[in-house]
Structure formats: structure tokens, C-alpha cells
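# Report on the structure
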Amino acid sequence: MSSNSRKRKGSTVPEQDNGVPKKPRAPRQSKSKKTVQAEPTPEWPEYFTNLFKVFKALNTVLAFCSSRKNFAITFPVVRSSVEALLHAPLELEKVAELKALLPEIVKFAYTPKSELRIHSDQQVGPSRRERSPDYAAFQTAGASSSRLNDVDEDEHVLVLDFLDNSRGKKNAGTGLAYALPPALTPAATKKLVERRNERFIEAVNELLRATPLDDDPVVLLQVAARDHIPVHPAVIRPLTTLSQSPDKGKYKAVPEPDSRPAIEEVIQEIEGQEWYAEQISYRRIFDAKDGQLAILDPPLSESIAQALRDSRKITSLYTHQVAAIDALSQGQNVIVSTSTASGKSVPLLQFLESDPHSTAIFIYPTKALAQDQRAALEQLLYSCPGLEHIQVSTYDGDTPQELRAGIRDTASVIFTNFDMLHASVLPHEDTWRRFLKNLKIVAVDELHYYHGIFGSHVAQVMRRLRRVCAAVGNRRARFVSCSATIAKPGQHMRNILGIDNIVEVTEDGAPSGRKDFLVWNPPLKDPMDPTLGRLSSMTEATKLMRFLMARGVRVILFCKIRKSCELAMKTLRQELTADGRLDILERVMSYRGGYSQEDRRKIEREAFSGNLLGIVATNALELGVDIGVLDAVIMLGFPIGGLASFRQQAGRAGRRARDALAVFVADSLPVDQHFINYPEELFDRTTDDLIVDLDSKVILEAHLQCAAHEMPLTDEDEVYFGPPMKELCETRLIKDKEGWYHTHPRYLPYPAKHVSIRGAEEEKYSVVDVTRVGKPGGIATILEEIEVSRALFEIYEGAVFIHQGLTFLVQEVSHDTKMAKLVRSDVNWITEPRDFTNVDAVQTYRIREIKDSPHRAFYGRVELFTLVYGYFKLRNKAIIDAVDLDTPPWQRETTGMWLDVPKSALELMRASGMNPAEAIHSAQHAFLNRFALAVDLKTECKVPEKEYKAHTSQRKRPARLIFYEPSGKTGGVAVKAFDHVNDILRDAHDRVENCQCEDGCTECVDSPSCKEGNVVASKAGALIVLKAILARPIDVDLLQHEPDETLQVHDTVVEATSVRTAEGVEVESS
């Protein structure tokens, strides 16, 4: 095992428009950092001195070009200007020598003309501003005295540029958003020139030191340069591609799964590739494990044993399966917390054999998972003599209305979800009585999925189900749950289902193959100049995926968000097409939320059948869907769901006892880089307990209204709903003369429709492909439906929308009909919205003391205001155009809590050169990191582009820690945080103060779910804010944790003013 630390990309100091540097997040020092002795400078041959003159002339011209926005730099444009400085011809061979000497910096290659385009031929809706001129025409008067060999009439032009140009450079370390293209000042241009000259000197010295005494460094350079003389694509096609191994032809055909190379062999081959640059910073190997079998006593009936043999090739059972079957047969409830099949189907067959009228409910969190498991059970039943007639049905939101009555009347097993139990089964319990009376097994799969507010709703739905079953005379139902490995599985099942008598099965008896875990840190763009940052994690992940697929390794690439999923698919589509590997491309698909039902089913069929070689997915496939033989998992960035999601995703490979691979490709974000420095935590750190809020009166009341409608409540129902039920029934429900409680009239006639267990259903926009409308046989096609909260940022006019890796241009958006019309267009840029969201407290409902402090916590109404006012066009992470938009704002209200930062703390931070925005942002994360239900609470994250802007921002934000419930969710989470604010504040303060990290980690001030990547952050600042609110003394030594030099950053934070208080509000004691 080895661990190599890496610096954060965020430790660089990029230049802004006016040359004022951004304040970076303080770099974490490498644990293995050593002092390097300076080597003597070698003597230069005259050839290199002359080559340096050529480089300096080229450097001067390119630096001038780089200061011009959208300036496309072709070799003919640059050539004559350089020749004027040198008073000599600029030969291709000399430029090729510079490329050989500085391969990471010099770009010298033919580029498709289309890649220099910044506008589409498609016409989109008007904006408030005229389009930028198309600089791809290269009409650059004065840049060259000659138009010799200017833009060729063919499809490719020769481009000469330096890759470290700062045009449209992404903010260091963010990995998310982009800055406006800077117009470099003369001072900044001079600095850029000097830095490149120094890099040339370093490269020559490095070459001279590495050249053996009997070799001529000039000859070595000239020989190497021959491979860098650009050849027009029309002349010759490359014979090898990136995805291919150096041993020619070995993988021209993708191997069958059984004949793919071993994972260890694949890793060795990766390490031998030309593009491998020590990306593997850590490796951990888990050895293969033999299976442990057990004997079932009494044994299975011959018919069930036959069904297992015929349908699943199973002739014996593992220890964990036998333990689960034994417990259920003895009348106990079971939770199986292992990574492999639980054996829950066997007891069902036993019940059906003894009583053909038996029924069962299988509950899954996703439709894909239910589809998968239903097919497996049907095959098992069909193979079991006497049970072939048993009807198994899916009962979910996609089930047609006309089929639902038949399912109720005839199905023995239904595959459903908690949404349907809540809204369709329980409200109509009278029509489900046959089914519920005979219910023998309730199986809840992926139990770890249910926590937070959603899990709290699910817990009440399960109590309603048990109550209805008891009312129709059925107290015999047994419950079996399956989950990934979690802390305290029995307790979690008890919380969700409300039952006791639970047997925990945690020892996995199944065999497992060897598994290799790799932590992959993208390499530096230029090892000699770390300030240039690292290569894109997206590029690294897709390159690795192509390499694996070409060797028959079946891969799933997990992306954090939907947009990343589509960008990865687009990249794969482009690269596999360029490689000529259409045989691989046709076996790769993306899978994420939002796709139509037909598309989802098609992808699922392809995945289940094993036809796919690669899947690009969001966490929609993080759960236990069996998608065939998966050999490898690549995780692009640390998952938003934290360590639990990381381990769940990593566990998706190697489920059939073969060797497997899991690769974590780190982003440049602080959270990812923390695990680069401390990779052992990925495997050794314990995961947090899963929290279910059974005390939430908001959630309990909602389900009591539903339960009373299913059948009136009595005091005896406290056994299901707990002690708080009595008070809520007396105050919120209607009591009749006989003492029964009924639903309040305002919830009638369908109370379940007033309670959304996943949060309020958002309105959706239809995304319609109109490319072929008006052509023979052409019709409009609905690509997908997008929630309002996403539509605002993805389908504005002019946006590039990506579906299955194909690019579309948004031509027209109607906010009245909620429809966006798109046309297919092979553009080679993407778009990023320019937007902001204000989170403002507008009315105070409650005020609470902070213990031993003069300051207060507030709870009340919060207003959210989002405006998309334009977008950037981006190519290769560089901005090529900025467009203004005139779109309506998105305004909504919710509830939240807030804490104002004391004026004295603000003044102290400003006097010490600390950035209040960093301090507030980190303090908000520190608070949420110590709140058990934080997954359902949001905060106003600070955006690097605003906080580090070179010019004063007009959008000043109050110095306030603010937390709010996502619009449409009513779980009482904000009021819960408010009620426990004293405990949370103290825990947050103690954690930050005692955490051993240097500048923040996920244990103190970083959050994996921060949508701005935790870039605007200060651990010391967070501690000052927390101490100030708690009225604790602030140690002046804290201020020494900040960089010595105080950088000029414009203040974006102002003192918080008081918020209007509702009438009659009094301060509550701490």
C-alpha cells in the first residue's frame, strides 16, 4: 500500500482582470514533503541560446494575443509577427523543437475549423445584447503583416498557442464555475512572459542534466522534434489511439467477459502507458474470500430446491441466507446487512406452498430496482412446480389505471414503493383487504436509503400499514429488510418499521473475488510548473473508462450530478468516434433521472441483459440493481452523499465473485483533495448513524390525518404512533361523541394528496426535439421532463442541452406552457448559466436565547430569489462568449432559521485581513455538519466568482448564518435545528476547534454537498464566527492561521439588519 499526497489545485493564485490575485484557500502541506537541494546550472550550448531567442519572440507575440478576448491563434497569424521580431524566418522545425521541449505547454497541431466556431448556424431566441463577433474568421488586422497561408479552405487550420494562457481561465480549485475572460494588464502580461521564459530555462537545464556525456543534447532534441511536426489530417490518419495498448492489434475486438484480462494485469498495463504519470496515489487490495455454506434445517422442499437449481443455478445456500430463512421461519423479523443476495425469496415460496392464498409486498426505492427483482422472482416461480400460476405485478406510478383493479384482485406479489403505499394502497384499504388479510411477507430493500425527512415519512407509512393489517385481522406478517453495510442495522430497522423481535444478519457468507481500490489524482499539466494546475478529472475518468472497455472490462462511471453525466457521455461519444471504436460506443449508454419511461426501460433491458459494456450514471444506479457483470466502477469526484454513497458505489463491481476494480478519480475540490492526502479514511472511517425523526410533530400530524381517513383513530393506536399522538389528535383532528378521531375537514376528501413524502411535486417542463418538424415524416419528440428547479438553469434560450451525449440547442422556451423546443446541433461548446440566488429572512416567528451569550437565534419566513441573467459559452473550460438574457426571476417562500454574526466579529476579521464571506460560509457548514437532519436543510453557499471578484460587487449579503428548508418540503427540519441551536452551536465550535486538520475537512468545515465546492472557506474564520455567537473569548492566535500577506479582496458582506418580527413573539429561554 502506498499513499502519495498531492497539493490542491486551489492552492494556485490565478490572475484577475486587473492583475489583483484571488485569495486562495490555504494549501495543505504534503505529509511527505522534503527539502530539495538546488542543482548547479549547466552550461548551455549556443544552439539553445539561439532557440531561446526564438522562444522569447514567440512568447511575446502569444502573450499579446492571449490578452485579447476570443482571439483564435493560428500559425499564419503568429508567424509573420515573430519573424518581424527575429528578422529571420520562423521554421516549422524550430516550433516543433519547442513543442518537444515543452510538450505540456506548447500547442502546435491541426484543429478542425468547427472547433474555433463560437456561434451555431441555428437561430435562437433574441437576447438583450448583440452576439459577439465570430473571431473564428481570424480577421486580425495588424497582428500579421502577411496573409500567407491564412485560413485554408479545407476543414482544418494549424493552431499555435500556449496552453497556460489565462483567457477565460477557470477559477482555481472550484471545478464548477468560471470567471469572465480577463483582459490582461501590461503588468500581468509582462509577468506571464517572464514566467514562461523561466519555464523554458528550467526545461533546457533539465534536458542538459539528463543527457549522457556521450550524447549530444541538440541532436536528441532535433530527433524528438520530428514527432511534433504537425501533419495535416488529410495526409495521414493516426494508426494508434489513446484507448489502445502499445501492443498493436491486441484489443481491436473487445474480449468476451470470460476472456478479459485479470484486473491486476490491466492495472500493470495502465502503469506502462505513455499517458500514465503516477496518477495512482493510493492503492488498497482486498483479497478473494471463499464462500461459507450452511445446511438448512428443515431442508427445502424438492420443488423449491428444483426451482433454485433451474432458475438460478443454486444448489446450496450461504450462511447469511440460511440465517435469514431460519429466523423468518421461526416467526422473527430479519435485517440482512450484507453486500449480496439475502435469500428473502425462499420464505415467500415456502409460504405460497403451504398456503396458495399468501401475499407479499416487495418495496424498492427505485423503479429500476423493482423491475430487476420482479423479473428474477417471476423466473423463480415459473421454475417451481405448483407455483407457476402465481401472479407477480409491478404497482407503481407507471402502472396504467385500467390495470390497477386487476392487480388488487388477483396478484399474489406486488413490487411497489412507499409513495404508492402512502397514496394508493392505504387510502383504499377496503379494496385491498383480500391482499392485506393474507399478507405474509413485507420485504423492504435498500433500507439504508430511507433516512432524514424521507425516512421519517416512510416510518409513519409503515406504522399505518401495520395498523391497517391488524385491523383486518392480520398480525402474522413478517418483515425482512436488506441493506448495505451500515452502523446499527437492527436499530435502523426498528426505527423505520416500528417493530421489535429483529434478528441482525451481518456476516456475509458469499464468496468474493479480489478487489483493487485505486485513488486516482489527475496529473499536473506541467510537472515543472504546479501553478498551471491539474488535468481535468472528467478527461481522466473517460480516458480510463475507454481503456478498460477496450479490454472487455465492463464499467460503470458514477457522476455526481446529471449535467456531469451527460458531459461524460458526450466526451465518450466524441473520443470513441475519433478512435474509430464505434463497436464500443454502441454498447455505452447514460442513465439518470429525467429520462422518459420508454428510455428508462430500454436502458434497463440493455443493462440487465449484459449487452452494455459501459454505463454513465448518476446515483440512480447507486442502489443494488443487478446490471449484469460489472467489473469496474469509476467514481468521478467524491459523491455528494458522503462516505456511505462512496462505499455503496464502490461495491457495485465484483458482485459475482470475480476480480473487480474501483477507482476514485479526484476532482480539484477541497473535499476530494482531503481524501488524496488521507485516503485511508475512505475505507477506515466509520459512517454516521442513519437518522429518522420519529418526534417530528409536523410529519406525525400529517400521517395521523391520513391514518384517521383509512379508519378512525383511538387512544389505543398510540402503540403505533407513540405518546405525541394524543395531543395532536386532540388539537388537530376532529373527535366524535364516541371518542374516535377523524380527519380534519380541510384535508378531505383525500388527505394523502396533501402529504408528499418526498416533498412537494414540482412542476415540470417538457423538453421537445423539433429538429425534424416540417420535414417529410418528421414529428416532435419529447426527450425528457425537467423539474422547474433545474429547468431554470438548463433550458434558457441559446443553452446547449445534452441528452445521451448528443447536443441540442434550446431554440425557444415558453414559461406559460412549460415547454422548451430544441434542435439537434453538433456544437462543440457547452453553456453555463450566469445566475445568483438570494436567501433572505423576511419575518421572524420565534426568537431563542443563546446560552451564556447576548446574541439570539431566529426562526421564521425565508424568501428565495433566483435570477438567471445570462450564460457563458465554454470550450475546454475557457469562456468563448458571454450572452445576456432577460428571463423572469424564480421566487418562492419557505421556513428557516438564522444567526446574525456580531458586529465586533466582523470588524475584527476585517482588521485582520480575513474574508468574512469565507468565515460565514465555513461556519454554516460547521453547523450543518453537527446537525443530524442536515441532509434536508440548505444554506446560502458563497460563490467564488463573486467573493473573489476583482471589482466591487453590487450584491452585498448580510453577515448572517442562514439555513432553510428546500421549497416544497415540510418536515419541520428548520424548527428542529432552531430548537436545538445551543447544542448544535457548541458541538460545531468544539469540532472545529479540536479538529486536527490544517485548513478544513469534512469533519469540521467542508461539506461534500456544497454546490460551490467549499472553495470560499476559512477554518480559522469559522471558529471566530462561532466563538463570537457563543460569546466566547477569541484567541488572537487564530488570526495567525491566515496567510501573512493580506491580499486585496473586495468586501461582499455587510452587517445584518434586524428582520421584521411577527406580533406577540417573545424571546424563548435557552
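Each value, and the rule that gives it
- Residues numbered from 1 in each chain as written.
- Predicted model: local features only at pLDDT ≥ 70, side-chain atom pairs only at ≥ 80, totals over all residues.
- Heavy atoms only, no water.
- Helix = DSSP H or I, 4+ residues; strand = E, 2+ residues; numbered from the N terminus.
- Buried < 20%, exposed > 50% of the residue type's maximum accessible area, 1.4 Å probe, protein only.
- Contact = heavy atoms within 4.5 Å.
- Areas by Shrake-Rupley, 256 points an atom, 1.4 Å probe, with all protein chains shown as cover.
- Pairing = 2+ DSSP bridges.
- Arc of directions from axis to C-beta.
- Polar contact = N/O pair within 3.5 Å; in protein donor to acceptor, adjacent residues only side chain to side chain.
- Axes fitted to C-alpha atoms, helices over the stretch in contact; angles between N-to-C directions.
- Patch = residues over 30% accessible without salt bridge, like charges linked within 9 Å, V, L, I, M, F, W, Y side chains within 5 Å.
- Salt bridge = Lys/Arg side-chain N within 4 Å of Asp/Glu carboxyl O.
- Lys, Arg positive; Asp, Glu negative; His and termini not counted.
- Charge placed at Lys NZ, Arg CZ, Asp CG, Glu CD.
- pLDDT = per-residue confidence, 0-100.
- Parallel < 35°, antiparallel > 145°, perpendicular 65-115°, else oblique.
- Left-handed = near helix turned anticlockwise from the far one by under 90°.
- Nonpolar A, V, L, I, M, F, W, Y, C, P; charged D, E, K, R; others polar.
- Core = buried A, V, L, I, M, F, W, Y, C linked by side-chain atoms within 4.5 Å.
- Phe/Tyr/Trp six-rings, centres within 6.5 Å; stacked < 30°, edge-to-face > 60°.
- Lys NZ or Arg CZ within 6 Å of the ring centre and 35° of its normal.
- Disulfide = S-S within 2.5 Å.

## Side note on the overall build of the protein
- Assigned secondary structure in the protein consists of 32 helices and 34 strands.
- Counting the 1070 residues in the protein, one finds 55% classified as buried.
- A fraction of 77% describes how many contacts in the protein between residues 6 or more apart in sequence connect residues 24 or more apart.
- Roughly 46300 Å² of accessible area belongs to the protein as shown, and the carbon and sulfur atoms make up 51% of that amount.

## Things to note about the pairing of strand β21 (residues 764–769)
- Of all six residues in β21, five are buried; the element is thus mostly enclosed.
- Relative to strand β25 (residues 819–824), β21 is paired through four bridges, and the arrangement is parallel. By the bridge assignment for β25, aspartate 769 is matched with leucine 822.

## Comments concerning helix α5 (residues 217–225)
- Listed in full, the buried residues belonging to α5 are Pro217, Val218, Leu221 and Ala225. The buried residues of α5 occupy an angular sector of 105° when the element is viewed end-on, so they sit on one face.
- You can read the cap of α5 off the contacts: a side-chain oxygen lies 2.9 Å from the backbone nitrogen of valine 218, and it is on aspartate 216.

## With respect to the sheet that holds strand β17 (residues 632–636)
- Taken in spatial order, the seven strands of this open sheet run β3-β13-β18-β17-β14-β16-β15, and their pairing is mixed. Strands with a single pairing partner mark the edges of an open sheet, and in this sheet they are β3 (280–286) and β15 (588–591). Recorded for the sheet is a direction-independent mean angle of 15° between the axes of neighbouring strands.
- Bridge analysis of strand β14 (residues 555–559) against strand β16 (residues 614–617) gives four bridges, and the strand direction is parallel. Pairing of leucine 557 across the sheet is with valine 616, part of β16.
- Its contacts with the sheet put helix α17 (residues 562–579) on β14, β15 and β16, and the angle it makes with β15 is roughly 170°.

## Some points on a negative patch on the surface
- Judged by side-chain charge, Glu104, Glu194, Glu198, Glu202 and Glu206 come together as a negatively charged surface patch.
- Taking relative accessible area as the criterion, glutamate 194 reaches 38% and is therefore assigned partly exposed.

## Description of unusual backbone geometry
- Looking along the chain, the bond that leaves aspartate 297 and enters proline 298 is cis, with omega of 5°.
- You can see proline 298 is positioned in the loop between β4 (293–294) and α7 (302–312).
- Across the junction of leucine 748 and proline 749, the peptide omega takes the value 5°, indicating a cis bond.
- You can see proline 749 is positioned in the loop between β20 (741–742) and β21.
- Of note, histidine 87 is a non-glycine position whose phi angle comes to about 60°, a positive value.
- Tracing the chain through its elements places histidine 87 in the loop between α2 (75–86) and α3 (92–101).
- In this model, glutamate 446 sits at a positive phi of 55°, which is unusual for a non-glycine residue.

## Description of the environment of glycine 498
- Relative to the assigned elements, glycine 498 resides in the loop between α15 (489–497) and β12 (502–505).
- We classify glycine 498 as partly exposed; its relative accessible area is 27%.
- Between the alpha carbons of glycine 498 and valine 719 there is a distance of 9.4 Å; along the sequence they are 221 residues apart.
- Setting aside residues up to four positions removed in sequence, glycine 498 forms contacts with Arg463, Arg466 and Met493.

## Observations concerning the sheet that holds strand β6 (residues 333–337)
- What the seven strands build is an open sheet, ordered β8-β9-β7-β10-β11-β6-β12; its pairing is parallel. Of all strands in the sheet, those with a lone pairing partner are β8 (392–394) and β12, marking the two edges. Adjacent strand axes in the sheet meet at a mean angle of 15°, parallel and antiparallel pairs treated alike.
- Bridge count between strand β7 (residues 359–363) and strand β10 (residues 439–444): five bridges; the pairing is parallel. Following the sheet pairing, phenylalanine 362 is matched in β10 by alanine 443.

## Thoughts on the pattern of salt bridges
- Counted under the stated rule, the structure contains 55 salt bridges.
- A salt bridge links lysine 726 to aspartate 715; the shortest N-O distance between them is 3.1 Å. Here aspartate 715 lies in the loop between α23 (697–710) and α24 (718–721) and lysine 726 lies in helix α25 (residues 724–732), a separation of 11 residues in the sequence.
- Taking the relative accessible area as the measure of exposure, lysine 726 reaches 31% and is therefore partly exposed.
- Across the pair arginine 991 and glutamate 1003 runs a salt bridge, and its minimum N-O distance is 3.8 Å. Here glutamate 1003 lies in the loop between α31 (981–994) and α32 (1019–1030) and arginine 991 lies in helix α31, a separation of 12 residues in the sequence.
- Residue classification places arginine 991 among the partly exposed residues on the basis of a relative accessible area of 31%.
- One network of salt bridges, with partners in common, ties together Glu264, Arg283, Arg514 and Asp516.

## What about the confidence of the model for the protein?
- In this model, the protein carries a mean pLDDT of 84, and residues with pLDDT of at least 70 account for 84%.
- The model gives residues 1–24 a pLDDT under 50, and that stretch makes 86 contacts with residues more than four places away or in other chains.

## A short note on the environment of alanine 934
- Along the polypeptide, alanine 934 turns up in the loop between α28 (916–929) and β30 (938–939).
- Using a relative accessible area of 18% as the deciding quantity, one classes alanine 934 as buried.

## What to know about the packing of α7 against helix α9 (residues 345–354)
- In contact at an axis separation of 10 Å, α7 and α9 are set at 135° when each is read in the N-to-C sense. By the angle between their axes, α7 is oblique relative to α9. Judged by the sense of rotation from one axis to the other, the crossing of α7 with α9 is right-handed. Contacts from Ser303, Ile304, Leu308 and Arg312 in α7 reach Ser345, Val346, Leu349, Gln350 and Glu353 in α9.
- Looking at the contact of α7 with α9 residue by residue, the class counts come to four nonpolar, three polar and two charged.

## Examining the nonpolar core
- Grouped together as the largest cluster of nonpolar side chains are 55 residues, with contacts concentrated most on Leu899, Phe927, Leu961 and Leu985.
- Among the elements that take part in this core, α32 stands out by supplying nine residues, more than any other.
- If you look at the next biggest cluster of nonpolar residues, it comprises 53 residues, including Phe547, Leu557, Leu572 and Leu636.

## What to know about the packing of aromatic side chains
- Within the structure shown, the criterion is met by 32 aromatic pairs.
- Geometry around phenylalanine 547 places arginine 551 over its ring, the cationic atom sitting 3.6 Å from the centre.
- Across from the ring centre of tyrosine 750, 4.9 Å away, lies the NZ or CZ of lysine 753, which sits over that ring.

## Some points on the environment of threonine 743
- Along the chain, the position of threonine 743 falls in the loop between β20 and β21.
- A residue is classified by how much of its surface remains accessible, and threonine 743, at 7% relative accessible area, is buried.
- Sequence separation between threonine 743 and glutamine 705 is 38 residues; the distance between their C-alpha atoms is 4.9 Å.
- Ignoring sequence-local partners within four residues, the contact set of threonine 743 consists of Gln705, Ala708, His709, Ile734, Leu748 and Pro751.
- At a separation of 2.7 Å, a polar atom in the side chain of threonine 743 contacts the main-chain carbonyl oxygen of glutamine 705.
- There is a polar contact of 3.1 Å between the side chain of threonine 743 and the backbone nitrogen of histidine 709.

## Digging into helix α21 (residues 670–677)
- Most of α21 is tucked away: eight of the eight residues are buried.
- Within α21, the full set of buried residues consists of Pro670, Val671, Asp672, Gln673, His674, Phe675, Ile676 and Asn677.
- Looking at the packing, one finds that the buried side of α21 touches β3, β13 (515–520), β18 (660–665) and α22 (681–684).

## A look at the state of the cysteines
- Tallying each qualifying case throughout the model produces zero disulfides.
- Unpaired in terms of disulfides, cysteine 559 finds its nearest cysteine sulfur in cysteine 565, a separation of 5.1 Å.

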